[in-house]
Amino acid sequence: MDKAKRPVVIAGNWKMNKTPAEAKTLIEELKPMVSGKKGCDIVLCVPYVDISVAVESTKGTNIKIGAENVHFAESGAYTGEISSKMLKECGVEYVIIGHSERRQYFAETDETVNLRTKAALAEGLKVILCVGEVKEQRLSGITDEIVSIQTKLDLAGVNADDMKNVIIAYEPVWAIGTGLTATPEQADETCGVIRSTLAKLYGENIAESTVIQYGGSMNAKNAAELLAKKNVDGGLIGGASLKAPDFTVIVEAAQ
Ligand code: 13P
């Protein structure tokens, strides 16, 4: 399938930023800037406490709301956690799973990432599944193996039919919040490795129709070049998603 047939998805990951009041202000600023831009799907993944105001403020607009994580159990004694059903009932459509910050600071493993992914899909949420290598792995020349094994482990037991609700975000850990961006060639090549892994798991059709984003210091300046690459179908954007004008430039670059 040619790239033009895949949707482009531009998603913000606000991380631990913006109170509900600040979230409302940012969304009100962003709404008119991106309204009418039809060339891509626009998603804002926000902190749990911002979900209700974000869902309310984006009703009837072209902005969809996502969460930044989800637990794998349906309910129970998991203090501080949130289930897929809770997210769904709040109007959430997307959820980021397996972000490197979760893996690094909160001891998430491919096993728990896989459990979360299956739980979210079972509830009808769209999953943005993050994979990516750390700097030492890139320097050792094992990036392809790392992203391929993460993709396989994180998707274990996910059936072909559910893949229409899975987006993969390739986020090289060394590029997150560092101002270091993968070159467009590196991003394209590694997104291509992920696509070949999907082809082995699910066949060419699913591999060619799955959206694969790049994330890691994507900004208003470098977005167009990255998004022009044939295997890059969008972006997962941290810092630049907190500024409405910058995020809008990225959305425009995806048109
Ligand atoms: P930055 O865009 O701030 O580098 O963050 C990327 C990211 O982690 C998105 O999930």
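This one's a predicted model, so the numbers in the text were calculated from it and none came from an experiment.

On to the overall build of the protein. From N to C terminus, the protein includes eleven helices and eight strands. Here the C-alpha radius of gyration of the protein, 17 Å, is about what a compact globule of 255 residues would show, namely 18 Å. Taken over the C-alpha atoms alone, the protein extends approximately 45 × 45 × 35 Å along its principal axes. The 255 residues of the protein split such that 52% are buried. A sequence separation of at least 24 residues applies to 73% of the contacts in the protein between residues at least 6 apart. When the accessible surface of the protein is split by element, carbon and sulfur atoms take 54% of a total near 11300 Å². If the 28 positive side-chain charges of the protein are averaged to one point and the 34 negative ones to another, these points end up 3 Å apart.

This part covers the site of the ligand. Near the ligand the following residues occur: N13, K15, H99, E171, A175, I176, G177, G216, S217, L236, G238 and G239. In the environment of the ligand, an oxygen atom lies 2.7 Å from a nitrogen or oxygen atom belonging to the backbone of G177. Between an oxygen atom of the ligand and a main-chain N or O atom of S217, the distance comes to 2.7 Å. Out of a free accessible area of 310 Å², the ligand has 94% covered by protein chains. Within the shell around the ligand, the residues separate by chemical class into three nonpolar, seven polar and two charged.

Burial along strand 4 (residues 94-97) is two-sided: Y94 and I96 and V95 and I97, pointing in opposite directions, are all buried. The pairing of strand 3 (residues 63-67) with strand 4 spans two bridges and is parallel. Bridged to A67 within strand 4 is V95. Traced from strand 3 through helix 3 (residues 84-89) to strand 4, the parallel crossover comes out right-handed. The pairing of strand 4 with strand 5 (residues 126-131) spans four bridges and is parallel. Note on strand 5: the bridge partner recorded for I96 is I128.

Our focus in this paragraph is the packing of helix 7 (residues 143-154) against helix 8 (residues 184-202). As a packed pair, helix 7 and helix 8 sit with axes 9 Å apart at the nearest point and diverge in direction by 45°. By the angle between their directions, the pair helix 7 and helix 8 is classed as oblique. In this structure, helix 7 meets helix 8 at a crossing whose hand is right-handed. Of helix 8, the residues touching helix 7 (which contributes T143, D144, V147, S148, T151 and K152) are T190, V193, I194, T197, L198 and L201. Here the residues of the contact of helix 7 with helix 8 sort into five nonpolar, five polar and two charged.

Further remarks concern the packing of helix 5 (residues 110-122) against helix 7. The angle between the axes and the distance between the axes are what describe a pair of packed helices. Between helix 5 and helix 7, the least distance of the axes is 8 Å, while the angle of their chain directions is 45°. Considered as vectors, helix 5 and helix 7 are oriented oblique to each other. Contacts between helix 5 and helix 7 pair D110, V113, N114 and T117 from the former with Q150, L153 and D154 from the latter. Counted by class, the contact of helix 5 with helix 7 contains two nonpolar, three polar and two charged residues.

On to the nonpolar core. Formed by 64 residues in total, the largest nonpolar core has its most connected members in I10, L44, V95, L155, I168 and Y214. When residues of this core are assigned to their parent elements, the largest contribution, seven residues, is made by helix 8. Dropping the residues within four chain positions of it, V95 is found in contact with A67, N69, V70, L87, A120, L125, K126, V127 and I128. In terms of nonpolar packing, the next biggest core, distinct from the first, is built from twelve residues, V9, V43, C45 and C130 among them.

A few words now on the sheet that holds strand 1 (residues 9-13). Taking strand neighbours around the barrel as the criterion, the eight strands line up as 1-2-3-4-5-6-7-8 in a closed arrangement whose pairing is parallel. Between one strand axis and the next, the sheet turns by 25° as a mean value, whatever way the strands run. For strand 1 and strand 2 (residues 41-45), the ladder comprises five bridges, and the chain directions are parallel. Directly across from G12, in strand 2, lies its bridge partner L44. Contacts from helix 7 reach strand 5 and strand 6 (166-170), with the element oriented near 150° to strand 5.

About the thresholds
- Every chain is numbered on its own, with residues counted from 1 as its sequence reads.
- Local features in this predicted model are restricted to residues of pLDDT 70 or higher, and side-chain atom pairs are both shown and tallied only at a pLDDT of 80 or more, whereas totals for entire chains, interfaces and linings draw on every residue.
- Only hydrogens and water are removed before side-chain values are computed, so all heavy atoms of the structure are retained for them.
- Here a strand is any run of E in DSSP of at least two residues, a helix any run of H or I of at least four, and the numbering for each starts at the N terminus.
- Radius of gyration: C-alpha atoms only; globule rule: 2.2 Å multiplied by the number of residues to the exponent 0.38.
- Only protein chains enter the calculation, and the probe is 1.4 Å; a residue is then buried if its accessible area is under 20% of its type maximum, exposed if over 50%, and partly exposed in between.
- Contacts are assigned to residue pairs that have any heavy atoms within 4.5 Å of one another.
- To be clear on the numbers: accessible area is Shrake-Rupley with a 1.4 Å probe, and residue cover counts the displayed protein chains and nothing else.
- Charge counting treats Lys and Arg as positive and Asp and Glu as negative, with His and both chain ends excluded.
- To locate a charge, take atom NZ for lysine, CZ for arginine, CG for aspartate or CD for glutamate.
- Note on definitions. A residue lies near a molecule or strand when any single heavy atom of the residue is within 4 Å of it.
- Polar contact is defined as a pair of N or O atoms within 3.5 Å, subject to the rule that within protein one atom must be able to donate a hydrogen and the other to accept it, and that residues adjacent in sequence are counted only when both atoms are side-chain atoms.
- When residue character is reported, Ala, Val, Leu, Ile, Met, Phe, Trp, Tyr, Cys and Pro are called nonpolar, Asp, Glu, Lys and Arg charged, and the others, Gly included, polar.
- Here the rule is simple: two strands pair whenever DSSP picks up at least two bridges between them.
- A crossover counts as right-handed when, viewed with the strands pointing away from the observer, the path leading from the first strand over the helix to the second turns clockwise.
- In this analysis an axis means a line fitted to C-alpha atoms, helices contributing only their contacting stretch, and an angle means the value between N-to-C directions, from 0 to 180 degrees.
- For classification purposes, an angle smaller than 35 degrees is called roughly parallel, one larger than 145 roughly antiparallel, one from 65 to 115 roughly perpendicular, and anything else oblique.
- Helix crossings fall into two classes, left-handed where the near helix is turned counterclockwise from the far one by less than a right angle and right-handed where it is turned clockwise.
- Among buried residues, the Ala, Val, Leu, Ile, Met, Phe, Trp, Tyr and Cys ones that are joined through side-chain atoms within 4.5 Å form a nonpolar core.

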